[in-house]
Amino acid sequence: MKKLLFKTKNFLSENDIYNFGKNNKILILMFICLIIGMIVGSVSAGCINFETLDRLNSVFLTDFKQRISQSGAEVFVSSLSLYFIFALILELSAFAVWGIISVPLLLVFKGIGMGLSGGYLYLVYGLKGIAFYILILVPGIFVSSIAFAFFGVSAFKSAVAISKKILPKPSDNALWPYVKSNIKKLGYCTLLLCFSAFLDMAFMMMFSGFFEF
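All residue numbers refer to position in the chain's written sequence, counted from 1. Where local features are concerned, this predicted model is filtered to residues with pLDDT of at least 70; where side-chain atom pairs are given and counted, the filter is 80 or more; whole-chain, interface and lining totals use all residues. Water and hydrogen atoms play no part in the side-chain values, which are based on all heavy atoms of the structure.

Comments concerning the overall build of the protein chain
(1) Moving on: Only DSSP runs of H or I with at least four residues qualify as helices, and only runs of E with at least two residues qualify as strands; both kinds are numbered from the N terminus onward. Counting secondary structure elements, the protein chain contains nine helices and zero strands.
(2) Moving on: Reading the secondary structure of the protein chain in the N-to-C direction produces α-α-α-α-α-α-α-α-α.
(3) Moving on: Looking at the protein chain residue by residue over its 213 residues, the buried ones come to 38%.
(4) Moving on: Only heavy atoms enter the contact rule, under which two residues are in contact if any of them lie within 4.5 Å. A fraction of 80% describes how many contacts in the protein chain between residues 6 or more apart in sequence connect residues 24 or more apart.
(5) Moving on: Accessible surface is estimated by sampling points in the Shrake-Rupley manner with a 1.4 Å probe; for residues, cover comes only from the protein chains shown. Looking at the protein chain as shown, the accessible area adds up to about 12,300 Å², and 71% of this sits on carbon and sulfur atoms. Accessible area is worked out with a 1.4 Å probe on protein chains only. A residue is then buried under 20% of its type maximum, exposed over 50%, and partly exposed in between.

Re the packing of helix α7 (residues 99-125) against helix α8 (residues 127-164)
(1) Moving on: Look at α7 against α8: their axes get within 8 Å of each other, and the N-to-C directions meet at 175°. In this view, α7 runs roughly antiparallel relative to α8, as classed from their interaxial angle.
(2) Moving on: Think of it as three bins: nonpolar holds Ala, Val, Leu, Ile, Met, Phe, Trp, Tyr, Cys and Pro, charged holds Asp, Glu, Lys and Arg, and polar takes everything else, Gly as well. Classifying every residue of the contact of α7 with α8 by side-chain character gives 19 nonpolar, seven polar and two charged. To get an axis, fit a line to the C-alpha atoms, keeping to the stretch in contact for a helix; angles then go from 0 to 180 degrees between the N-to-C directions. Reported orientations rely on four angle classes, namely roughly parallel under 35 degrees, roughly antiparallel over 145, roughly perpendicular from 65 to 115, and oblique for the rest.

Looking at the environment of Y120
(1) Moving on: Along the chain, the position of Y120 falls in helix α7.
(2) Moving on: Residue Y120 is classed as buried on the basis of its relative accessible area of 4%.
(3) Moving on: Between the C-alpha atoms of Y120 and S44, which are 76 residues apart in sequence, the distance is 9.7 Å.

Quick look at the packing of aromatic side chains
(1) Moving on: Only Phe, Tyr and Trp rings take part, Trp by its six-membered ring, and two of them pair if their centres are within 6.5 Å. Stacked means planes under 30 degrees apart, edge-to-face means over 60, and tilted covers everything else. Across all of its chains, the model carries four aromatic pairs by this definition.
(2) Moving on: Arranged with centres 6.5 Å apart and planes meeting at 90°, the rings of F31 and F150 form a pair that is edge-to-face. Here F150 lies in helix α8 and F31 lies in helix α3 (residues 25-45), a separation of 119 residues in the sequence.
(3) Moving on: Classification of F31 by relative accessible area gives partly exposed; the value is 28%.
(4) Moving on: Overall, F150 belongs to the partly exposed group, its relative accessible area being 44%.
(5) Moving on: We note K110 situated over the ring of F86; from NZ or CZ to the ring centre the distance is 5.3 Å. In this scheme, Lys NZ or Arg CZ marks a charge over a ring once it lies within 6 Å of the ring centre and within 35 degrees of the ring normal.

Examining the layout of surface pockets
(1) Moving on: Cavity and pocket criteria rest on a 1 Å grid covering protein atoms alone: a 1.4 Å probe that fits but cannot get out defines a cavity, protein on both sides within 12 Å along at least 5 of 7 lines defines an open pocket, and an atom within 4 Å of a point defines a lining residue. Grid points are joined across faces, edges and corners, and a volume is the space filled by probe spheres set on the points. Counted as a void, the second largest pocket has a volume near 160 Å³.
(2) Moving on: Looking at the second largest pocket, the residues that line it are F31, L34, I35, M38, M114, Y133, V138, I141, F142, S145 and I146.
(3) Moving on: Elements with a minimum of two residues in the lining of the second largest pocket: α3 and α8.
(4) Moving on: Broken down by element, the lining of the second largest pocket gets its largest block of residues, six residues, from α8.

Remarks on the packing of α8 against helix α9 (residues 176-207)
(1) Moving on: Two numbers describe how α8 lies on α9: the axes approach to 9 Å, and their chain directions differ by 175°. In terms of axis orientation, α8 runs roughly antiparallel to α9.
(2) Moving on: When grouped by side-chain class, the residues that make up the contact of α8 with α9 number 21 nonpolar, seven polar and three charged.

Regarding the confidence of the model for the protein chain
(1) Moving on: Residues of the protein chain with pLDDT of at least 70 account for 76%, and the chain-wide mean is 78.
(2) Moving on: Mean pLDDT values over the elements of the protein chain span from 48, in helix α1 (residues 2-14), up to 88, in α3.
(3) Moving on: Predictor confidence is given residue by residue as pLDDT, running from a minimum of 0 to a maximum of 100. Predicted confidence for residues 3-8 stays below pLDDT 50, and this span has zero contacts to residues more than four positions away or in other chains.

A few points about the side chain of S145
(1) Moving on: Mapped onto the secondary structure, S145 falls in helix α8.
(2) Moving on: The contact partners of S145, leaving out residues within four places of it in the chain, are F31, L34 and M114.

Brief notes about the environment of S117
(1) Moving on: Considering the arrangement of structural elements, one finds S117 in helix α7.
(2) Moving on: Residues S117 and M38, 79 residues apart in the sequence, show an inter-C-alpha distance of 9.4 Å.

Description of a positive patch on the surface
(1) Moving on: Patches in this entry comprise residues that are over 30% relatively accessible and not in a salt bridge; like charges within 9 Å are linked, as are nonpolar side chains (Val, Leu, Ile, Met, Phe, Trp, Tyr) within 5 Å. Here, a salt bridge means any Lys or Arg side-chain nitrogen found within 4 Å of an Asp or Glu carboxyl oxygen. The charged-residue count follows a simple rule in which Lys and Arg add positive charge and Asp and Glu add negative charge, with His and chain termini not counted at all. By convention, the point assigned to a charge is CZ for Arg, NZ for Lys, CD for Glu and CG for Asp. Judged by side-chain charge, K157, K180, K184 and K185 come together as a positively charged surface patch.
(2) Moving on: Looking at the positive patch element by element, the count peaks at three residues for α9.

Dropping the structure here:
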């Protein structure tokens, strides 16, 4: 058993996977939170009645039936607004002690929304719903998930730095480097979210004509 573990560790080290995981623990945690949320959301979709699912659809998908009939600009603004609201909540968590808990939970919640969306479309519309999810929603979801995961790392580190200041033996480390890094990451995150909204608009315009709900 020890020999197997040793060989596995060597394999991971040779391929830089081990070092990447060691140096990016928080980033991996953020992605795990998103994946857990997606799994929970997908499984939960089959346990929730259709009326509740329809309401949740309006929360997480901004009523995709209506979005199909919207113009490209309206889809872009709608998507960007939802992304921005979630980014703003993450940013507020970055400057609070409870951000250590709320940042991972927010990403789990985001993942649940994505999982529920896919589950809802499959349960209600079958393969047509899955095709809609993959062709139109997944591109924007993929890019925005990357943006939120990386921004979640910055928000989490900022919350940790702030929490250390209120401990019985507070840290002497300055908060400004964390604040500066967080603001910088927010700028990068905003650019990625704009790109995500653009993908939502582009793929909606390209493929929405193939779907009728």
